[in-house]
Amino acid sequence: MLSLRLARGAHPLVLLRRLLVAVASSGAGFLLLCSLGYAVAHPNATEQSLVRLLWCAVPVAAVTQFAVTVARSDPATRPRDGLDAIGFGPVRLSLLAATSTALSCGLGSAAALLVYLELRGDLGGIPLSGTASGLLDGDAPLPWAATLTLLGLLPALAAGACAIALRPRKERAGGASRTVSRATVPDTAKDDRRSYAGLPWGVAIIACGLALEAYVGRAPAPAPDSLLTLPGQDGGTSPGLMGGWLLASLGLVLAGPGLTHWSGTLLSAGRPGPMRLLAGRILQDTANRLGRPLGVLCAVAAGALAAVELYGAAWERSGPRPFGPLTGLGAAVVMACVTATAITAAIDTRHCRAETTAALLRLGIPASLLRGAAAVRTGVLLIVLAPLTWVIAELAALPLTRS
């Protein structure tokens with residue numbers, strides 16, 4: 001009830017973010033239902049059904065990350081004196097955020113079920129009813145126990161991830177310890193070593209992923225419509241390609257904070273001017289909060305570029321297309337979620353610096369200097385991350401294009 005009251009009185013931007021979480025959850029839930037419908041309609045194609053379900057893990061993970069980022073940036077998850085006085089401290093606020101996330105994702109899953117049943121023709125009543133019955137295997141009845149289990153998977157995962165990400169931690173100050181929410185703890189200079197901790201592991205995992213894809217590339221290249229199969233496309237899949245891409249993606253995610261901090265260090269090197277120094281220090285300070293979403297965005301962009309490199313020529317030829325409509329839906333859900341996550345994280349870091357920005361303005365720092373520092377930060381991140389993403393995508397596609 002408190003979660004609903006806070007949602008009703010929330011800022012329109014906060015409500016928009018929660019609505020986007022529900023929309024993204026509906027897309028991922030629709031893909032899960034499609035994989036279930038295919039498994040029911042093709043009981044002998046166990047391997048293909050398993051592959052479709054495994055590929056659904058990618059949009060589910062993207063939606064979960066987006067939901068956690070939205071919950072972290074929600075003002076309702078931050079401790080306030082009024083709530084603390086009635087017993088809603090950091091622990092209960094983290095549970096409140098998890099409940100709100102579960103409600104948003106559950107709403108999206110329910111909408112996905114209605115749309116799925118309508119397109120299959122199970123409900124009827126509107127002109128679009130049953131228009132996608134062939135694609136969605138409308139002849140096979142759905143097992144409701146499995147349907148509800150799949151639809152409840154994403155809300156449970158998102159709520160659990162929010163509870164873990166926003167769990168309170170203890171800080172010591174002046175010999176006394178206090179419990180604070182992780183949503184309000186800013187990144188400080190003493191977190192520099194923590195930013196760089198994942199960089200060597202990330203580089204090593206990227207190298208392992210590319211090596212695995214190179215090993216797979218020694219075999220004869222499969223047909224374009226069977227190399228990479230997402231939900232909605234018939235054919236097989238290459239486990240080596242999937243594993244290599246996932247390893248390279250994990251490496252980029254781990255290396256994201258270190259690369260962001262390193263970019264700030266480059267800006268601050270030498271004898272920087274006020275704008276470059278401010279931009280570099282802000283990048284170093286926000287590396288942990290901003291670097292990981294940027295790493296995920298780079299990983300997805302690298303996968304998209306590699307797919308275009310591998311299958312771009314297939315669209316120019318006649319015959320079966322390499323990607324089906326549900327594959328496009330899954331790619332759209334993933335790209336939209338990781339982009340929205342990066343934007344939300346950037347806005348959240350700006351809010352965390354609100355007091356510092358206000359103090360600088362009171363000291364007479366011109367607003368143009370702050371805008372210039374923001375432009376410099378964006379430019380250096382593009383200079384560092386865009387070529388790296390392109391190189392990884394080219395290296396990932398090179399062994400298979402040469403086969």
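Every chain is numbered independently, its residues counted from 1 as its sequence is written. The model is predicted, so local features are restricted to residues of pLDDT at least 70 and side-chain atom pairs to those at 80 or more, both for listing and for counting; the totals for chains, interfaces and linings are taken over all residues. Only hydrogens and water are set aside when side-chain values are computed; all heavy atoms of the structure are taken into account.

Caption draft 1: Structural detail: empty space enclosed by the protein. Only protein atoms enter the 1 Å grid used here, on which a cavity is any set of points holding a 1.4 Å probe that cannot leave and a pocket is any open set flanked by protein within 12 Å on both sides along at least five of seven lines; residues with an atom within 4 Å of a point are listed as lining. Grid points are joined across faces, edges and corners, and a volume is the space filled by probe spheres set on the points. Evaluation of the coordinates by the stated rule reveals 2 cavities of 30 Å³ or more. Looking at the second largest cavity, its volume works out to about 60 Å³. In this structure, the second largest cavity is lined by 14 residues; those nearest its centre are Trp-245, Ala-248, Ala-302, Ile-392 and Ala-396. Elements that contribute at least two residues to the lining of the second largest cavity include exactly helix H9 (198–216), helix H11 (239–268), helix H13 (287–311) and helix H16 (367–401). Under the DSSP-based scheme used, a helix requires at least four consecutive residues in state H or I and a strand at least two consecutive residues in state E, with every element numbered from the N terminus.

Caption draft 2: Looking closely at the nonpolar core. Grouping buried Ala, Val, Leu, Ile, Met, Phe, Trp, Tyr and Cys residues that are joined through side-chain atoms within 4.5 Å yields what is termed a nonpolar core. Three labels apply to residues, based on accessible area from a 1.4 Å probe with only protein chains included: buried if under 20% of the type maximum, exposed if over 50%, partly exposed otherwise in between. Formed by 37 residues in total, the largest nonpolar core has its most connected members in Phe-30, Val-63, Tyr-116, Leu-136 and Cys-337. Sorting the residues of this core by element identifies helix H2 (12–41), helix H4 (57–73), helix H6 (90–120), helix H7 (144–165), H13 and helix H14 (325–352) as the ones contributing at least two each. If you tally residues by element for this core, the top one is H2, at 9 residues. Domain borders in the structure are assigned automatically or taken from a domain database. Residues lining this core come from more than one domain, with at least three contributed by each of domain 1 (8–169) and domain 2 (195–219 + 238–402). Note on definitions: a residue-residue contact is assigned when non-hydrogen atoms from the two residues lie within 4.5 Å. With sequence-adjacent residues up to four places away left out, Cys-337 is seen in contact with Ala-24, Ala-62, Val-63 and Phe-66.

Caption draft 3: Geometry of a nonpolar patch on the surface. Patch building starts from residues that exceed 30% relative accessible area and form no salt bridge, then joins like charges within 9 Å and nonpolar side chains (Val, Leu, Ile, Met, Phe, Trp, Tyr) within 5 Å. For accessible areas, the Shrake-Rupley method is used with a probe of radius 1.4 Å. Any residue's cover is judged against the shown protein chains and nothing else. Any Lys or Arg side-chain nitrogen located within 4 Å of an Asp or Glu carboxyl oxygen qualifies as a salt bridge. On the surface, Leu-13, Leu-16, Leu-19, Leu-20 and Val-23 cluster together into a nonpolar patch covering about 420 Å² of accessible area. Looking at where Val-23 falls in the secondary structure, it is placed in helix H2. Assessed through its relative accessible area of 49%, Val-23 is described here as partly exposed.

Caption draft 4: Here's a closer look at the packing of aromatic side chains. Classification of ring pairs rests on two measures: the distance between centres of Phe, Tyr or Trp rings, Trp counted by its six-membered ring, which must be within 6.5 Å, and the angle between planes, read as stacked under 30 degrees, edge-to-face over 60 and tilted in between. One pass over the full model with this rule turns up 1 aromatic pair. A centroid spacing of 5.7 Å and a plane angle of 80° characterise the contact between Phe-30 and Tyr-116, whose relative ring orientation is edge-to-face. Highlighted residues: Phe-30 in helix H2 and Tyr-116 in helix H6, separated in sequence by 86 residues. Comparing Phe-30 with Tyr-116, the two get one shared label, buried. Charges are assigned to positions over rings by a cutoff of 6 Å between ring centre and Lys NZ or Arg CZ, combined with an angular limit of 35 degrees from the ring normal. Over the ring of Tyr-38 we find Arg-52, and its NZ or CZ is 3.7 Å from the ring centre.

Caption draft 5: Structural detail: the pattern of salt bridges. Counting across every chain of the model gives 1 salt bridge. With its nearest N and O atoms 2.9 Å apart, the salt bridge here joins Asp-348 to Arg-289. Within this pair, whereas Asp-348 is found in helix H14, its partner Arg-289 is found in helix H13, the two being separated by 59 residues in sequence. Exposure remark for Asp-348: the relative accessible area of 2% places this residue in the buried category. Looking at Arg-289, the relative accessible area reads 12%, which means it is buried.

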